[in-house]
Amino acid sequence: MKIRFRTYEFVFVFLLVIASIIKFLWINQSLTEERRQWHETQYLENNIQGFSYHHNILFPQIAQIVFVFLAYLAISGAVLYAAQHIAGPKRNIIRVIPVTLLLLAGIAFMLGRAIDYLTWVAHPHVFNYGGAGFDILAWFGYNDRPMTNLWTGFNRSLAWVGIIAMLLAVREGGIHYLERDSPGKEARLIMANQIASIITVYLCLLPFLILLPGTPGKHALLFMGFSFIPSALLMFLFNIYYLFPRLSVKPGWWILTALLAAAFVITAPFIATFGLRGNGIHIYGSMVMINLLVISPISWLLFQQRKDKLLAIVKVGQALTKSREDLNSLRYQINPHFLFNSLNTLYGNALMEKAMTTASGIQQLGDMMRFMLHQNQLDYIPLKSELSYLRNYVGLQNLRTHLLQNVDVQVDINDEACEGDIPPMVLIAFVENAFKHGISNVGKSWVTVVVRCDRKHVYLNVRNSVHPDNIVREKSGVGIPNVMERLKLMFGDKFQLEYGIRGNEYVVSLTLPLTTA
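Being a predicted model, the structure only gives us computed values, none of them experimental.

Counting its secondary structure elements, the chain contains 15 helices and seven strands. Taking as baseline every contact in the chain between residues at least 6 positions apart, the subset at least 24 positions apart corresponds to 71%. When the accessible surface of the chain is summed, it comes to about 30,300 Å², and 63% of that surface belongs to carbon and sulfur atoms.

Following this line, the structure appears as structure tokens:
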């Protein structure tokens, strides 16, 4: 998201130009023949022949506005060029500043030439720059000898360009500050754009309010536009963006005091419109009461609606996040399911080829994968599920070792009394460790697994042969210590674990309490 100050400013300036052009067109449409004759008389008295109202009056009136508007666009482009290069990664200020100053000087010169040309067309000095709508030409200085000096009006146009450039530089500085990377950036940009849009709407209405014809109600409308509406608008913005968001963190007396102070302080600058005499004090009091009793309740209702919308957006975002998580979960499930289907195909082919050992291994692998997918994520699982996984694992290991004459694998699992729950993947860690380090292709090897249960405990005893190349595993391995830390977190001191080398074998003895659902 970006700050939209430039867009709002352009809309306001463009509407101001349109309103001014409409004003002159309206004057031309409603101009009486007597008034046209008066203009022509002024020209004839100054020995200027060939007078045409459209050429000598209307065209310069509109052109002066268009030229100033084009100059504004050029200045804005120059300032934007400077701001982007100064704030950019290279920050080449030494080159940017002189180039920008030259551009502004060139714009000032061209504007001075344009104003001098319009002065030559309009000859506003014959009206003493009054009564013909040449206020912009008058600002650039009195000139009764246009198109005779190349630098006529340059000093005034340069001052005007400098003022506009400084204002635009302040705008760019504000945009750069608001768009800085810091906590709360998105909320800050949204609030700044909302406030700027509200103020822009108000400012865009003012030019057309000024253009209203002189009717008995025009003074009341001007009062509304320049006194009451700004006061109410400032009160509204103060409540919405500063006061009401602090209701949950500030005490009630602080909120009430701030509300009363704001109503008086915000309205105070508009006393200058009427003073404190006569109806002025009554108007001031009325504006304060309206801000307190009308604007504040309305802003409270709008604040609540805005808050509800934001909460709804947050909920939609949370729902969208959850939907994405569910979609990702489905994706993660689809891939294993595809693998399961592939395993089923291989299992069927093995049966058709009467490769029973291979078929049994594929089935055991599929069961182990289902266990990892569905039960390994749980805190506790039935002990019998863990033992089933353990059997499948041993079965797969037997496929690797059953042809080796020097390997002896003995498994004795009695699960008749195993009715409780345990954390998943606890027993298998010790059995996997035994097969990993206890099997050798050259020396005599053995693995013995014994599991017994009673009503409250499960007992695991694992023994495997020790080989010289694996003798360092007790010091370097991390599997058993990690399982021990996990058991400490889940059972405290309610379990017993002993492990180490005893003679020519490695022994693990685990007593684990069973949890009942």
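With that out of the way, let us pick up the sheet that holds strand 6 (residues 496–502). One open sheet holds the five strands; their spatial order is 2-4-5-7-6, and the pairing between them is mixed. Strands at the two margins of the open sheet, each flanked by one partner only, are strand 2 (407–413) and strand 6. On average, adjacent strands in this sheet sit at an angle of 5 degrees to one another, irrespective of strand direction. In the packing of helix 12 (residues 383–401) onto the sheet, contacts are made with strand 2, strand 4 (445–453) and strand 5 (457–465), and the angle to strand 2 comes to roughly 165 degrees. On top of the sheet, helix 13 (residues 427–438) reaches strand 2, strand 4, strand 5, strand 6 and strand 7 (505–513); it is set at about 5 degrees to strand 5, its chief contact.

Ranked by size, the top nonpolar core spans 38 residues in total, and within it Tyr43, Ile57, Ile75, Leu104, Leu111, Trp160 and Val161 carry the most contacts. Those elements that place two or more of their residues in this core are helix 1 (5–30), helix 3 (53–86), helix 4 (93–122) and helix 6 (154–178). Among residues more than four places away in sequence, those in contact with tryptophan 160 are Val68, Ala71, Tyr72, Ile75, Leu111 and Trp139. Tyr389, Ile422, Ile480 and Phe495 belong to the second largest nonpolar core, which has 37 residues in total.

Following both chains from N to C, one finds helix 1 and helix 6 inclined at 145 degrees, their axes separated by 10 Å at the closest point. For the pair helix 1 and helix 6, contact is made by Phe5, Arg6 and Glu9 and by Leu168, Arg171, Glu172, Ile175 and Leu178, respectively.

This brings us to helix 13. Along its 12 residues, helix 13 runs 17 Å from first to last C-alpha, staying within 8% of the 16 Å computed at 1.5 Å per residue. Those residues of helix 13 that fall on the buried side of the exposure criterion are Leu427, Ile428, Phe430, Val431, Asn433, Ala434, Phe435, His437 and Gly438.

Model confidence for the chain is summarised by a mean pLDDT of 80, while 80% of its residues fall at 70 or above. For residues 331–335, every residue scores under 50 in pLDDT, and the model assigns this stretch zero contacts once sequence neighbours within four places are set aside. Low confidence marks residues 472–478, where pLDDT is under 50. Its contacts with residues over four positions away, or in another chain, come to eight contacts.

Glancing now at a nonpolar patch on the surface. Taken together, the side chains of Phe10, Val11, Phe14, Leu70 and Leu73 define a hydrophobic patch exposed on the protein surface, amounting to about 400 Å² of accessible area. Residue contributions to the nonpolar patch peak at three residues, all from helix 1. Summarising the element assignment, phenylalanine 10 is placed in helix 1.

A word on the packing of aromatic side chains. The geometry of an aromatic ring pair comes down to the distance between the two centres and the angle between the two planes. Across all of its chains, the model carries 14 aromatic pairs by this definition. A ring pair is formed by tyrosine 43 and phenylalanine 51, whose centres lie 4.8 Å apart and whose planes are at 45 degrees; its orientation type is tilted. Aromatic pair phenylalanine 69 and tyrosine 72: ring centres 6.3 Å apart, planes at 25 degrees, arrangement stacked. Within this pair, phenylalanine 69 and its partner tyrosine 72 are both found in helix 3, separated by three residues, close to a single helical turn. Like phenylalanine 69, the residue tyrosine 72 is buried in the burial classification. Of the aromatic side chains, those joined through ring pairs into one cluster are Phe10, Phe14, Phe69 and Tyr72. In this arrangement the basic side chain of arginine 180 is found over the ring face of tyrosine 177, its NZ or CZ atom lying 4.0 Å from the centre. Here the basic side chain of lysine 250 rests over the ring of tryptophan 254, its NZ or CZ set 4.9 Å away from the ring centre.

Our next topic: the state of the cysteines. Enumeration according to the criterion identifies one disulfide in this entry. The side chain of cysteine 418 participates in a disulfide bridge whose partner is cysteine 453; the two sulfur atoms lie 1.8 Å from each other. A torsion of 90 degrees about the S-S bond marks the disulfide between cysteine 418 and cysteine 453 as right-handed. A residue pair is termed long-range when its members are at least 10 positions apart, and cysteine 418 in the loop between strand 2 and strand 3 (421–422) and cysteine 453 in strand 4 qualify at 35 residues. On the basis of relative accessibility, which here comes to 1%, the residue cysteine 418 falls in the buried class. For cysteine 453, a relative accessible area of 17% corresponds to the buried category.

Moving on, we get to the pairing of strand 6. Pairing analysis gives seven bridges linking strand 6 to strand 7, with the strands arranged antiparallel. Bridge assignment links tyrosine 499 to a residue of strand 7, and that residue is valine 508. What sits between strand 6 and strand 7 in their antiparallel hairpin is a turn of two residues, with glycine 503 showing a positive phi close to 65 degrees.

Moving on, we come to the pattern of salt bridges. In this structure the tally under the stated criterion is 10 salt bridges. With a shortest N-O distance of 3.4 Å, glutamate 419 and lysine 384 are connected by a salt bridge. Taken together, the positions of glutamate 419 in the loop between strand 2 and strand 3 and lysine 384 in helix 12 put the pair 35 residues apart, joining distant regions of the chain. Note on lysine 384: relative accessible area 38%, which makes it partly exposed. The residue arginine 452 makes a salt bridge to aspartate 412 at a minimum N-O spacing of 2.5 Å. Pair noted here: arginine 452 is in strand 4 and aspartate 412 is in strand 2, with a separation of 40 residues, a long-range link. Each member of the salt-bridge network shares a partner with another, and the members are Arg6, Glu9, Arg171 and Glu172.

The rules we used
Residues numbered from 1 in each chain as written. Predicted model: local features only at pLDDT ≥ 70, side-chain atom pairs only at ≥ 80, totals over all residues. Heavy atoms only, no water. Helix = DSSP H or I, 4+ residues; strand = E, 2+ residues; numbered from the N terminus. Contact = heavy atoms within 4.5 Å. Areas by Shrake-Rupley, 256 points an atom, 1.4 Å probe, with all protein chains shown as cover. Pairing = 2+ DSSP bridges. Axes fitted to C-alpha atoms, helices over the stretch in contact; angles between N-to-C directions. Core = buried A, V, L, I, M, F, W, Y, C linked by side-chain atoms within 4.5 Å. Buried < 20%, exposed > 50% of the residue type's maximum accessible area, 1.4 Å probe, protein only. Expected span 1.5 Å × (residues − 1). pLDDT = per-residue confidence, 0-100. Patch = residues over 30% accessible without salt bridge, like charges linked within 9 Å, V, L, I, M, F, W, Y side chains within 5 Å. Salt bridge = Lys/Arg side-chain N within 4 Å of Asp/Glu carboxyl O. Phe/Tyr/Trp six-rings, centres within 6.5 Å; stacked < 30°, edge-to-face > 60°. Lys NZ or Arg CZ within 6 Å of the ring centre and 35° of its normal. Disulfide = S-S within 2.5 Å.

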